[in-house]
Amino acid sequence: MTDIGVRTLRQTVRRSAGRIGAATPPGRDRAVDALRAAAVVGVVLGHWLVTALVSDGRALRTASPLQHMPWLTPVSWMFQTLAVFFLVGGHVATRSHASARARGIPYHQCLTARLSRLFKPVAAVLTLWTVAAVALLLSGTEFGTVRTLVKLALSPLWFLVVFAVLTAATPLLARLNPLWPLAVVLHVDLLRFGLGGPSWLGWVNVAAGWMVPYTLGAAWTRGELERPRAGWVLLGAGAAATAALVVWAGYPAAMVGVPGEGMSNLDPPTLAVVTFGLAQCGLALLLRERLRGAMRRPVAWAAVALVNLSAMTVFLWHQTALMATTATGLLAGRLPGLHTRPDDLGWVGARLLWLPVFALALAVCWAAFRSFERGGGRGRRSRVVRAHRPSDRDSAAKARHV
């Protein structure tokens, strides 16, 4: 590209970013959107880096580089960012609930709108993968391969169910101390690991475990986490507790499931992943001011705003993008970093080179299915970026900008 072309591209990007910044309500807390975007991108990159589909003849099976290269475990610490998403979700939901109460709007109306935004994009995913699964089975594809693909594609849905349940319970959770669900997780793990209790008890932690960061978000809304001390306490105590649980209590060091491991920190959530989430939430709270400063830069804010506008589409389709790339690549044979065993540094280097291809496939999915997230209506304004028209209802409008 010539120098003139580069300058033109930069000017176009800056103009577009300027328009997005001008359309953003001035009272919006951009740090909240930055944390949400970071959480979504973290989950996507984490899955793309630690999920491998290995080709064995006609079949595909899942594998993980963490299984063969345990020294890569810190990757799971960097990209397992669900706790931050629940922190932001609890903060946003409780702010919206308080705003609705102040305006006399019944909570069920707000809940219906919020859940509709969550689940409309799900219909497209379920429809496409139902058709794809039937077509694969009719074409003679091995059942195990189809099961692997469908499981990977639909795995993000468990998160939506838990998030929807917590969102529906927001009026009950708005003033709940996070220590209560943390105590539930502690006692569940003590019963099943320390006292030999039934393994099904662990599924109690699916709700209780993610309730901890969600109620931390509610505490943020109440103003209880504004001082830096709160962030430092969460970061220090969470990190120390996680280290102790891994070193002395036998919990896995990886914060994601690893094939072949007898125990997973995530399926269902364990005390270790919850305390790790506390540390992540503490770090997120400490970064708020820096993020607010960074989001004053038009290009940085434009990137964050665009991720937030399509967060559900990105989250729901990123595994499909990985699998579409893998399936297409099979036409050229077994490709390094895509179909080979993730057991050496060569695989890691090759997988890093595939990340832009996954991103391109995800962009195609985004272009095809983003209308489901936006409700299919062109006239509907975004809740992240929209024209701000001063009026006598400005204070109520600002409360809705979450």
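Look above for the structure.
As the structure is a computational prediction, the values presented were derived from the model and not from experiment.

Reading guide: rules and limits
Residues numbered from 1 in each chain as written. Predicted model: local features only at pLDDT ≥ 70, side-chain atom pairs only at ≥ 80, totals over all residues. Heavy atoms only, no water. Helix = DSSP H or I, 4+ residues; strand = E, 2+ residues; numbered from the N terminus. Buried < 20%, exposed > 50% of the residue type's maximum accessible area, 1.4 Å probe, protein only. Contact = heavy atoms within 4.5 Å. Areas by Shrake-Rupley, 256 points an atom, 1.4 Å probe, with all protein chains shown as cover. Lys, Arg positive; Asp, Glu negative; His and termini not counted. Charge placed at Lys NZ, Arg CZ, Asp CG, Glu CD. Patch = residues over 30% accessible without salt bridge, like charges linked within 9 Å, V, L, I, M, F, W, Y side chains within 5 Å. Salt bridge = Lys/Arg side-chain N within 4 Å of Asp/Glu carboxyl O. Axes fitted to C-alpha atoms, helices over the stretch in contact; angles between N-to-C directions. Nonpolar A, V, L, I, M, F, W, Y, C, P; charged D, E, K, R; others polar. Bend = angle between axes of the 7 residues up to and from the residue. Polar contact = N/O pair within 3.5 Å; in protein donor to acceptor, adjacent residues only side chain to side chain. Phe/Tyr/Trp six-rings, centres within 6.5 Å; stacked < 30°, edge-to-face > 60°. Core = buried A, V, L, I, M, F, W, Y, C linked by side-chain atoms within 4.5 Å.

> What's the story with the overall build of the protein chain in this structure? I'm lost.
The helix and strand tally for the protein chain stands at 18 helices and two strands. With respect to the principal axes defined by its C-alpha atoms, the protein chain has extents near 65 × 65 × 40 Å. Within the protein chain, the fraction of its 402 residues that count as buried is 47%. Of all intrachain contacts in the protein chain linking residues separated by at least 6 positions in sequence, the fraction that spans at least 24 positions is 77%. Accessible area of the protein chain: about 19,900 Å², with a carbon and sulfur share of 65%. Of the side chains in the protein chain, 42 bear a positive and 16 a negative charge, and the two mean positions are spaced by 10 Å.

> Is there a simple way to explain a nonpolar patch on the surface in this structure?
On the surface, a cluster of nonpolar side chains totalling about 300 Å² of accessible area is made up of Leu190, Leu191 and Leu195. Mapped onto the elements, Leu190 comes out in helix 10 (residues 179-194).

> Explain the packing of helix 7 (residues 143-154) against helix 16 (residues 311-329) to me, please; I cannot follow it from the model alone.
Helix-helix packing: each pair is described by the crossing angle between the helix axes and the interaxial distance. Two elements in contact, helix 7 and helix 16, have axes separated by 7 Å at closest approach and are oriented at 145°. Side by side, helix 7 and helix 16 meet where Leu149, Leu152 and Ala153 of the first sit next to Leu316, Gln319, Thr320 and Met323 of the second. Classifying every residue of the contact of helix 7 with helix 16 gives five nonpolar, two polar and no charged.

> Mind showing me how you'd approach the environment of Trp48 here?
Relative to the assigned elements, Trp48 resides in helix 2 (residues 30-50). For the pair Trp48 and Ala359, spaced 311 residues apart in sequence, the C-alpha to C-alpha distance is 9.8 Å. If near-sequence neighbours (up to four positions away) are discounted, Trp48 is found in contact with His318, Leu322, Arg351, Leu355, Phe358, Ala359 and Leu362.

> Please clarify how helix 17 (residues 345-373) should be interpreted in this entry.
One turn of an α-helix holds 3.6 residues; hence residues three or four places apart share an orientation. Maximal helix bending in helix 17 amounts to about 45°, located at Ala367. Regarding helix 17, its N-cap is Asp344, as a side-chain oxygen of that residue lies 3.2 Å from the backbone nitrogen of Gly346 further along.

> How should I be thinking about the pattern of salt bridges in this particular structure?
Summed over all chains, the structure comprises eight salt bridges. For Asp33, the salt bridge is made with Arg28, and the minimal N-O distance between the two is 2.7 Å. Each member of the pair, Asp33 as well as Arg28, carries the same accessibility label: buried. Where Asp189 meets Arg192, a salt bridge forms, and the shortest distance between an N and an O atom there is 3.2 Å. On the criterion of helical spacing, the pair formed by Asp189 and Arg192 is a turn pair, its members being three residues apart in helix 10. Residue class for Arg192 comes out buried when judged on its relative accessible area of 12%.

> Just to check I follow, could you spell out the environment of Tyr214 for this structure?
You can see Tyr214 is positioned in helix 11 (residues 204-221). Judged by relative accessible area, which is 1%, Tyr214 ranks as buried. Residues Tyr214 and Thr325, spaced 111 residues apart in sequence, show a C-alpha to C-alpha distance of 34 Å. Setting aside residues no more than four positions away along its own chain, Tyr214 makes contact with Phe86, Gly89, Gly90, Ala93, Phe163, Leu166, Thr167, Thr170 and Leu173.

> Explanation requested: the packing of aromatic side chains in the structure shown.
By convention here, two paired aromatic rings are described through the distance between centres and the angle between planes. A complete count under the given rule lists 14 aromatic pairs for this structure. With centroids separated by 4.8 Å and ring planes inclined at 55°, the aromatic side chains of Phe159 and Phe315 adopt a geometry described as tilted. With Phe159 in helix 8 (residues 157-168) and Phe315 in helix 16, the pair connects residues that are 156 residues apart, well separated along the chain. Residue classification places Phe315 among the buried positions, given a relative accessible area of 7%. For the ring pair Phe369 and Phe372, a centre distance of 6.3 Å and an interplane angle of 40° mean the geometry is tilted. Of this pair, Phe369 and Phe372 are both found in helix 17, three residues apart, which corresponds to roughly one turn of the helix. Looking at Phe369, the relative accessible area reads 18%, which means it is buried. The class of Phe372 is partly exposed, set by a relative accessible area of 35%. The structure contains a cluster of three or more aromatic residues connected by ring pairs, namely Phe85, Phe86, Trp158, Phe159, Phe163, Trp210, Tyr214 and Phe315.

> What should I look at first to understand the nonpolar core in this one?
If you look at soluble globular proteins, the nonpolar side chains tend to sit buried side by side. In terms of nonpolar packing, the biggest core is built from 97 residues, with Phe86, Phe159, Leu160, Leu166, Leu316, Trp317 and Met323 touching the most fellow members. In terms of residues, this core owes the most to one element, helix 2, which gives 12 residues. With residues near it in sequence (within four places) discarded, Met323 still touches Leu53, Trp129, Leu149, Leu152 and Ala153.

> What is the right way to read unusual backbone geometry from this model?
Both trends apply: most residues other than glycine have a negative phi, and most peptide bonds are in trans. A cis geometry characterises the amide bond from Asp267 onward to Pro268, with omega recorded as 0°. With respect to the secondary-structure elements, Pro268 resides in the loop between helix 12 (228-248) and helix 13 (271-286).

Everything listed here is a matter of geometry and, on its own, says nothing about what the molecule does.
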